[in-house]
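Chain and residue survey
Residues per chain, in single letters:
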Amino acid sequence: MTNVGVVGAGVMGTGVAQDLAHHGHTVVLVDNDPDALDEALARIELECRMSRMLGGPAIDAEAVLALITATTSLELLAETEVVIENITENWDLKSALYAQLDVVCKADTVFVANTSAIPITKLAALTSRPDKVMGVHFMNPVPMKAACEFIPGYHTSDQTKDVVRTLLDSIGKKSIPVNDAPGFVSNRVLMLTVNEAAFLVHEGVADAKTVDEVFRSCFGHPMGPLETADLIGVDTILHSVEVLYEQFNDSKYRPCPLLKKMTDAGLHGRKSGKGFYTYQSMG
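Let us look at the structure shown here. Being a predicted model, the structure only gives us computed values, none of them experimental. (Residues numbered from 1 in each chain as written. Predicted model: local features only at pLDDT ≥ 70, side-chain atom pairs only at ≥ 80, totals over all residues. Heavy atoms only, no water.)

1. Section: the overall build of the protein
When you go through the protein residue by residue, the secondary structure sums to 11 helices and eight strands. The C-alpha atoms of the protein give 18 Å as radius of gyration, which agrees with the globular expectation for 283 residues (19 Å, within 12%). Summarising its shape, the C-alpha atoms of the protein cover approximately 55 × 45 × 30 Å along the three principal directions. The buried share of the protein, taken over its 283 residues, is 46%. Considering only contacts within the protein whose residues lie at least 6 apart along the sequence, 65% involve residues at least 24 apart. With an accessible surface of roughly 13,400 Å², the protein has 54% of that area assigned to carbon and sulfur atoms. Charge centroids of the protein, computed over 23 positive and 36 negative side chains, lie 5 Å from each other. (Helix = DSSP H or I, 4+ residues; strand = E, 2+ residues; numbered from the N terminus. Rg over C-alpha atoms; globule rule 2.2 N^0.38 Å. Buried < 20%, exposed > 50% of the residue type's maximum accessible area, 1.4 Å probe, protein only. Contact = heavy atoms within 4.5 Å. Areas by Shrake-Rupley, 256 points an atom, 1.4 Å probe, with all protein chains shown as cover. Lys, Arg positive; Asp, Glu negative; His and termini not counted. Charge placed at Lys NZ, Arg CZ, Asp CG, Glu CD.)

Okay, here's the thing in C-alpha cells:
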C-alpha cells in the first residue's frame, strides 16, 4: 500500500483517486475548490455503486471512500510517497503548484504529472528534484482503462521509473513507454482529430452526430471524436490544442473557434451536462 497524493479533483483526478483507493492505496485528494471535492466524492460513491451494473466488478463504495481524505490543504501531502498532479493544462497554474509541492513534500517524494500535452522535462525543471519527476498520461475514464502512456523526462532516474511502474502495476495499468514530447503519442494524434472534427461542425460540413457516425460505422470506433471530446471535456480539449499550438508553433494545431465558443459558454461536455450532445445531470 502506498500513500498517494492526488492534486486536482476534476474528471481525471477523481478517476485516479477512485482507482487508487479501489486497489487499496490511501489517497489524499487535494483541490482548492471545496465544491469540487464534494462533487468528486459523490461521483466516486456513485460510480463504485454502479460498477457491477455497468459490467464491472462489485466495489465496496464505503471501503473506497474510507481510504480517501479530501482536503483543500496542500500541507496534507507532506507524508505522501507519490503525488499525482492532474490540474488544468495551464502553464502558469502548474508553475505555481510545482513550486509549492517542492516545498511541502518530502525530498524523496516522487511527482507524477498526469498531463496530456506539456513536456515532462519542462515541468521537472520547476522543481529541485527533476530526477523524481515522471509523466503518466492516464486515459479517461481512468478506472475503466487498462493502459497509460509512461513518459520519463530528461532527468528521470531509473529508481523513479521503477516506483511509478510498480504503482501502475498495482492498479492494473499497463505502462506504454513513449519519449517526452508535447502531446506524446495519444494527444498528438487525438487532439488534431477532435479539433478537425469540430471544424467540420463549425463549417457546416456535418453535424456532430453525423461526424461520429462515420467513425463508428466506417472505422469501427466505439466512440466518435466529438463524443470523445464530451467525455474528456471540451474545455480540456481546447487547452490541450492550445498547448500543442504554443509548443510547436505550427498552424495545424490552430484551435477551432467552435471549441473556444463552447468553452466560454460552459458547454464542456458530460461534466457540465451539455457539449456536442446533451446529457442528464448526475444529480
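2. Here we look at the side chain of S95
Secondary-structure assignment places S95 in helix α4 (residues 91-104). Using a relative accessible area of 19% as the deciding quantity, one classes S95 as buried.

3. A short note on unusual backbone geometry
A negative phi angle is the norm for most residues apart from glycine, just as the trans form is the norm for most peptide bonds. Looking along the chain, the bond that leaves N140 and enters P141 is cis, with omega of 0°. As for its placement among the helices and strands, P141 is situated in the loop between β6 (133-137) and β7 (147-152). The backbone of F184 sits at a positive phi, close to 55°, despite the residue not being glycine. Within the secondary structure, F184 sits in the loop between β8 (174-177) and α7 (186-202).

4. Here we look at the packing of aromatic side chains
In total, this model carries three aromatic pairs according to the counting rule given. A centroid spacing of 6.2 Å and a plane angle of 70° characterise the contact between Y98 and F111, whose relative ring orientation is edge-to-face. Highlighted residues: Y98 in helix α4 and F111 in strand β5 (residues 110-113), separated in sequence by 13 residues. Centre to centre, the rings of F248 and Y253 are 5.3 Å apart; their planes meet at 20°, and the pair counts as stacked. Owing to a relative accessible area of 2%, Y253 belongs among the buried residues under this scheme. Positioned above the aromatic ring of W91, the side-chain terminus of K122 is 4.4 Å from the ring centre. (Phe/Tyr/Trp six-rings, centres within 6.5 Å; stacked < 30°, edge-to-face > 60°. Lys NZ or Arg CZ within 6 Å of the ring centre and 35° of its normal.)

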